[in-house]
Amino acid sequence: TKHGTVSHPWYDSKILGYSRRLTVYTPYGYEANPKKKYPVLYLLHGAGGDEEAWISMGRAAQILDNLIEKGRCEPMIVVMPNGNTGQAAARTLGIPEKAIDWRAPENRVRYVKSLCTEIVPFIEKNYRAIPKPGYRAISGLSMGGGHTISASILYPELFDYICPLSAAGSATPEQIAALKKAGVRLYFLACGDSDFLFEGAEEMHAKLEAEGLDHIYFV
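Residues numbered from 1 in each chain as written. Predicted model: local features only at pLDDT ≥ 70, side-chain atom pairs only at ≥ 80, totals over all residues. Heavy atoms only, no water.

Regarding the side chain of Ser152
The following threshold applies: A run of H or I in DSSP counts as a helix once it spans at least four residues, and a run of E counts as a strand once it spans at least two, with each numbered from the N terminus. Classification of residues uses two cut-offs on accessible area relative to the type maximum, computed with a 1.4 Å probe and protein chains only: under 20% is buried, over 50% is exposed, and between them is partly exposed. The definition of a polar contact used here is a pair of N or O atoms within 3.5 Å, where within protein one atom must be able to donate a hydrogen and the other to accept one, and adjacent residues in sequence count solely through side-chain atom pairs. Whether two residues touch is decided by their heavy atoms; if any such pair falls within 4.5 Å, the residues are in contact.
With respect to the helices and strands, Ser152 occurs in helix H4 (residues 143-154). Under the relative-accessibility criterion, Ser152 is labelled buried at 1%. Among the polar contacts listed, one links the side chain of Ser152 to the backbone oxygen of Ile149, at a separation of 2.8 Å. The contacts of Ser152, once residues within four sequence positions are left out, are Ile162 and Leu179.

Topic: a negative patch on the surface
Here is the rule we go by: Residues enter patches when their relative accessible area tops 30% and they take part in no salt bridge; the joining distance is 9 Å for like charges and 5 Å for the nonpolar side chains Val, Leu, Ile, Met, Phe, Trp and Tyr. Shrake-Rupley sampling with a 1.4 Å probe provides the accessible areas, and residues are treated as covered by the protein chains on show and by no other component. Basic side-chain nitrogens of Lys or Arg form a salt bridge, by our definition, when they fall within 4 Å of a carboxyl oxygen of Asp or Glu. Positive charges come from Lys and Arg alone, negative charges from Asp and Glu alone, with His and the N- and C-terminal ends not counted. Charge positions are represented by NZ for Lys, CZ for Arg, CG for Asp and CD for Glu.
Together, Asp193, Glu199, Glu202 and Glu203 make up a negatively charged patch on the protein surface. Within the secondary structure, Asp193 sits in the loop between strand S9 (186-190) and helix H6 (198-210).

Structural notes on the sheet that holds S9
Put simply, the rule is: At least two bridges found by DSSP between two strands are what make those strands a pair. Axis definition: a line fitted to C-alpha atoms, over the contacting stretch in the case of helices. Angles run 0 to 180 degrees between N-to-C directions.
Spatially, the eight strands line up as an open sheet ordered S1-S4-S6-S5-S7-S8-S9-S10, and their pairing is mixed. Only two strands of the sheet have a single neighbouring strand rather than two, namely strand S1 (5-7) and strand S10 (216-218). With direction set aside, neighbouring strand axes in the sheet form an average angle of 15°. Relative to S9, strand S8 (residues 161-165) is paired through three bridges, and the arrangement is parallel. Opposite Tyr161, over in S9, you have Leu186 as the bridge partner. Sheet contacts for H4: strand S5 (40-44), strand S7 (136-141), S8 and S9; angle to S7, the most-contacted strand, approximately 145°.

What to know about the pattern of salt bridges
Considering all chains together, one arrives at five salt bridges under this definition. Taking the shortest distance from any N to any O, the salt bridge between Glu124 and Arg136 comes out at 2.6 Å. Placement of the pair is Glu124 in helix H3 (residues 105-126) and Arg136 in strand S7, with a sequence separation of 12 residues. Note on Arg136: relative accessible area 7%, which makes it buried. Here Arg185 makes a salt bridge to Asp160, at a shortest N to O gap of 3.1 Å. Of the two residues, Arg185 is situated in the loop between helix H5 (173-182) and S9 and Asp160 in the loop between H4 and S8; the sequence distance between them amounts to 25 residues. Note on Arg185: relative accessible area 55%, which makes it exposed. Through salt bridges with shared partners, a single network forms among Arg21, Glu51 and Glu52.

Points about the environment of Glu157
Examined against the element boundaries, Glu157 turns out to sit in the loop between H4 and S8. The spatial distance from the C-alpha of Glu157 to the C-alpha of Val184 is 8.3 Å, given a sequence separation of 27 residues. For Glu157, the residues in contact, after removing those within four places along its chain, are Pro133 and Ala182.

Details of the packing of aromatic side chains
Heads up, the rule is: Any two rings among Phe, Tyr and Trp, with Trp reduced to its six-membered ring, count as a pair given centres within 6.5 Å; such a pair is stacked if its planes are under 30 degrees apart, edge-to-face if over 60, and tilted if neither. A ring has a charge above it when a Lys NZ or an Arg CZ is no more than 6 Å from the ring centre and no more than 35 degrees off the ring normal.
Under the counting rule described, the total for this entry stands at five aromatic pairs. With a centroid separation of 5.9 Å and 70° between ring planes, the pair formed by Tyr42 and Phe159 is classed as edge-to-face. Of this pair, Tyr42 sits in strand S5 while Phe159 sits in the loop between H4 and S8; the two residues are 117 residues apart in sequence, bridging distant segments of the chain. Given a relative accessible area of 0%, Tyr42 falls into the buried group. By way of ring pairs, the aromatic residues Tyr30, Tyr38 and Tyr127 are connected into one cluster. The lysine or arginine in question, Lys36, covers the ring of Tyr38, its NZ or CZ lying 4.9 Å from the ring centre.

What follows is the structure in structure tokens.
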């Protein structure tokens, strides 16, 4: 298998008030082809995770390497941020944490705002990312699925591919209408029927149906 590269750059967050660590996967051939630009997936972890969760527990790099090599997946950059507003980086780095209640609405939105207005521009400045909505995707699991829904409704023009997985999140008819108007190419909502968040997924599906936003609902 041809392997991509996993790196851990730091970005400066004015919104959260300190430098924060990201995990970034670049596909095989990224370094060798300095003119080639790539689409980007922003992949968000669940509660209890950090910027290392998808790489260590989720084996994201191995899965991407295999899918790309088999031609089942477009070579892409994958950005995995830390969704805990009190952490600069994973706890394994031993950096003191700020006591921030991530459940408080203003903090949840602060992270999402940092993701969309600080991390996305940082990636597009420092990596060969194609800086257009049609080449940006966002996905997340559980808490990260909630962040995915929040990012998509706060910034409907930013991502053309939106994929909340086992997510807790909601949207108003107006917010869904704004997404529809922005011309989202794929809205993929998935949840297991024994998940404690399944009721929320059902509600979100019903709302998307009611507003006529074309989407895939996978149970």
